[in-house]
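Structural overview for review
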Amino acid sequence: MSHYTHETVPTQFVEANGIRFAYRRFGRPGTISLLFLEYFNSNMDGWDPDVTNSLAADHEVILFDNAGVGASGGKIPYLVAEMTNHCVALCRALGLKQVHVVGFSLGGMIAQQLALEHPQLVGRLILLGTGPRGGEGMTFTELSPEEQADPVAFLLAAFFSPSAASQAAGREYMKRLESRKNDRDSPVSRDAAVAQVAALREWGTIPATGRYATLKSITHPTLIVHGNKDIVVMPINAFILEEHLPNAQLIMYPDASHAAYSQYAENFLENARPFLSG
């Protein structure tokens, strides 16, 4: 067992396809690694330590910044498919033959593409607050100047419902995000955020035919986690995923928005652990 935690694991770098990727690796070696794929405008510090540290007790955890994000080099692409290619390059550079993937929001879209294009690389999928290609209401907008100026207020409003209980959970979540004191990640640049919005919009474009046809090809065991009041990715998208993915189960949390997995971290972990162990 690694003696490192989410708060103390050093940031490392690896070169792949001419890009210097930043990553953090901790937990139980010799297991199938859990590859965490980040949400929009986030870096490695954006994951809830309660979740990563808990899962690291049984699995090796790998956090990383995709190309052009945070401390990683390169230029961020404008398509989810190209972001997926960078994930594959990282896995190959780290010598990973198979990974379980935890994808949050944009990361969940990359996770679906990864399972579709590289099925042998992916073992199991956990999809948090995400939706299928061409899903319902997935238009997305750039952050306003006010949202950029006060990211705490933005996350509390977008990631948690307006109820007192959910907002209290959100404030605890924000405290946990600051628990790593040293070697913190670089912020996401404005250009990177703009590119991510473009990728999100392209993913959300409704195709002329075969709207959800590719989902049937993702046969990996999949755990879908969503909040019933998610204002970022409408909850109907979780039901669409559960309906069309052949081997999926859905957990829909009440009074929860985009960060349902964090608001209900204890319950989420009670379900995620046996799911990941098979």
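Please refer to the structure placed before this passage.
Please read all numbers here as calculations on a predicted model, not as lab measurements.

Rules used in this analysis
Residues numbered from 1 in each chain as written. Predicted model: local features only at pLDDT ≥ 70, side-chain atom pairs only at ≥ 80, totals over all residues. Heavy atoms only, no water. Phe/Tyr/Trp six-rings, centres within 6.5 Å; stacked < 30°, edge-to-face > 60°. Lys NZ or Arg CZ within 6 Å of the ring centre and 35° of its normal. Buried < 20%, exposed > 50% of the residue type's maximum accessible area, 1.4 Å probe, protein only. Helix = DSSP H or I, 4+ residues; strand = E, 2+ residues; numbered from the N terminus. Contact = heavy atoms within 4.5 Å. Expected span 1.5 Å × (residues − 1). Core = buried A, V, L, I, M, F, W, Y, C linked by side-chain atoms within 4.5 Å.

Glancing now at the packing of aromatic side chains. Counted by the stated rule, this structure contains twelve aromatic pairs. Taken together, the aromatic side chains of Phe36, Tyr39, Trp47, Phe104, Phe159, Phe160, Tyr173, Tyr261 and Phe268 make up a single cluster linked through ring pairs. The ring of phenylalanine 13 is capped by arginine 20, whose NZ or CZ atom sits 3.7 Å from the centre of that ring. Lying across the ring of phenylalanine 275, arginine 124 places its NZ or CZ 5.2 Å from the centre.

Another point: helix H5 (residues 151–159). Within H5 the residues assigned to the buried category are Leu155, Leu156, Ala158 and Phe159. Among the structural elements, strand S5 (99–104) and helix H6 (164–177) are those in contact with the buried residues of H5.

With twelve residues, helix H3 (residues 106–117) extends 17 Å between its outermost C-alpha atoms, agreeing within 8% with the 16 Å of an ideal straight helix rising 1.5 Å per residue. Of all the twelve residues making up H3, ten are buried; the element is thus mostly covered by neighbouring parts of the structure. Within H3, burial applies to Leu106, Gly107, Gly108, Met109, Ile110, Ala111, Gln112, Gln113, Leu114 and Ala115. Each element contacted by the buried residues of H3 is listed here: strand S3 (33–37), helix H2 (80–93), S5, strand S6 (122–128), helix H7 (190–204) and helix H8 (236–244).

Most often, soluble globular proteins keep nonpolar side chains buried together rather than apart. Counting 55 residues, the largest nonpolar core has Phe21, Leu35, Leu37, Phe64, Val101, Met109 and Leu245 as its most contacted members. Excluding anything up to four places from it in sequence, phenylalanine 64 contacts Phe21, Ala22, Tyr23, Leu35, Phe36, Leu37, Glu38, Met44, Cys87 and Leu90. Counting residues in hydrophobic clusters, the runner-up holds 40 residues, among them Met44, Leu128, Ala169 and Ala260.

Turning to the environment of tryptophan 47, a few remarks are in order. In this fold, tryptophan 47 is placed in the loop between S3 and helix H1 (49–55). For tryptophan 47, a relative accessible area of 1% puts it in the buried group. It is 22 Å that separates the C-alpha atoms of tryptophan 47 and alanine 89, two residues lying 42 residues apart in sequence. Those residues in contact with tryptophan 47, other than ones at most four positions away along the chain, are His6, Phe36, Leu37, Glu38, Thr52, Leu63, Val102, Phe104, Leu128, Leu177 and Tyr261.

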